Amino acid sequence: DAKTTQPPSMDCAEGRAANLPCNHSTISGNEYVYWYRQIHSQGPQYIIHGLKNNETNEMASLIITEDRKSSTLILPHATLRDTAVYYCIVRYLATSYGKLTFGQGTILTVHP
Amino acid sequence: DTEVTQTPKHLVMGMTNKKSLKCEQHMGHRAMYWYKQKAKKPPELMFVYSYEKLSINESVPSRFSPECPNSSLLNLHLHALQPEDSALYLCASSFGLAGRYEQYFGPGTRLTVT
């Protein structure tokens, strides 16, 4: 699976959009981009995933650049409960056999 | 019910003790996982079970012994652990092993080895 690079930490004001970047310049054509988050003292939680098209669900939006070398997770209206570590993971679904390889992630702190 | 439960929440054990961690899900998932997470580090995969059979062992020391007695239950038996094994142990489950299935995580068991 391709390696990802994320900023170690980011801040966001409550009610504003949080934009979390992820660099995956070595991604191959069959690898998906996944996002999980881990709120303090809880297990990781799935957020969203995509291959090449932008994706949106009730939690977030995922924007993948045309060359697929980077992506951005967008939390449209961040709340204090969105304070967490956000992990960007690249997976080749055909052979990953359920393996999730977490990187260091981004600590997002949402301020009042 | 989209919940994975883990017991106990906290466990303190000596290096000569034998203890077990328990994980349960009732979502009909056929894949279950154990992860280990050290403080301020990301989770690391330890074991994967699919249809109650061990599918992946990430070269975990034999003092950790997983068991999947049925499709809803996953245990991790601990024996002769070292202080460096102190960590948060996370259980997860998914509908299948295929990468398209998201994993649901439990809250973890915080283990301290004295």
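This one's a predicted model, so the numbers in the text were calculated from it and none came from an experiment.

Visitor: What exactly am I supposed to notice about the interface of chain A and chain B here?
Guide: As a measure of interface size, the accessible area lost when the parts come together is often cited. Across the boundary between the two partners, chain A contributes 20 residues, which contact 19 residues of chain B. Here chain A meets chain B over a buried area of about 1600 Å², counting both sides, of which 55% is carbon and sulfur. Where chain A touches chain B, the interface holds 0 salt bridges. Counting across the chain A and chain B interface gives 2 residue pairs in polar contact (both at pLDDT 80 or more). Every element with two or more residues in the side of chain A that touches chain B is listed here: β3 (31–38), β4 (45–50), β8 (84–92) and α1 (93–96) of chain A. Sort the elements by how many residues they give to the side of chain A that touches chain B and β3(A) lands first, with 3 residues. Classifying every residue of the side of chain A that touches chain B by side-chain character gives 9 nonpolar, 9 polar and 2 charged.

Visitor: Explain the state of the cysteines here, please?
Guide: Cysteine pairs can be covalently joined through their sulfur atoms, and such a bond is termed a disulfide. All names here are of chain B. What the rule picks out here adds up to 2 disulfides over all chains. Each sulfur in the disulfide pair cysteine 23 and cysteine 91 lies 1.8 Å from the other. Here cysteine 23 and cysteine 91 share a disulfide; its torsion about the S-S bond, -70°, makes the bridge left-handed. Of this pair, cysteine 23 sits in strand β3 (residues 18–25) while cysteine 91 sits in strand β9 (residues 87–94); the two residues are 68 residues apart in sequence, bridging distant segments of the chain. Taken as a pair, cysteine 23 and cysteine 91 share a single burial class, namely buried. The structure places no disulfide on cysteine 68, whose sulfur is separated from the nearest cysteine sulfur, that of cysteine 23, by 9.1 Å.

Rules and cut-offs
- Residues numbered from 1 in each chain as written.
- Chains lettered and ligands numbered in written order.
- Predicted model: local features only at pLDDT ≥ 70, side-chain atom pairs only at ≥ 80, totals over all residues.
- Heavy atoms only, no water.
- Contact = heavy atoms within 4.5 Å.
- Buried area = accessible area lost by both parts, 1.4 Å probe.
- Salt bridge = Lys/Arg side-chain N within 4 Å of Asp/Glu carboxyl O.
- Polar contact = N/O pair within 3.5 Å; in protein donor to acceptor, adjacent residues only side chain to side chain.
- Helix = DSSP H or I, 4+ residues; strand = E, 2+ residues; numbered from the N terminus.
- Nonpolar A, V, L, I, M, F, W, Y, C, P; charged D, E, K, R; others polar.
- Disulfide = S-S within 2.5 Å.
- Buried < 20%, exposed > 50% of the residue type's maximum accessible area, 1.4 Å probe, protein only.

Without other data, these values stay purely geometric and don't point to any function.
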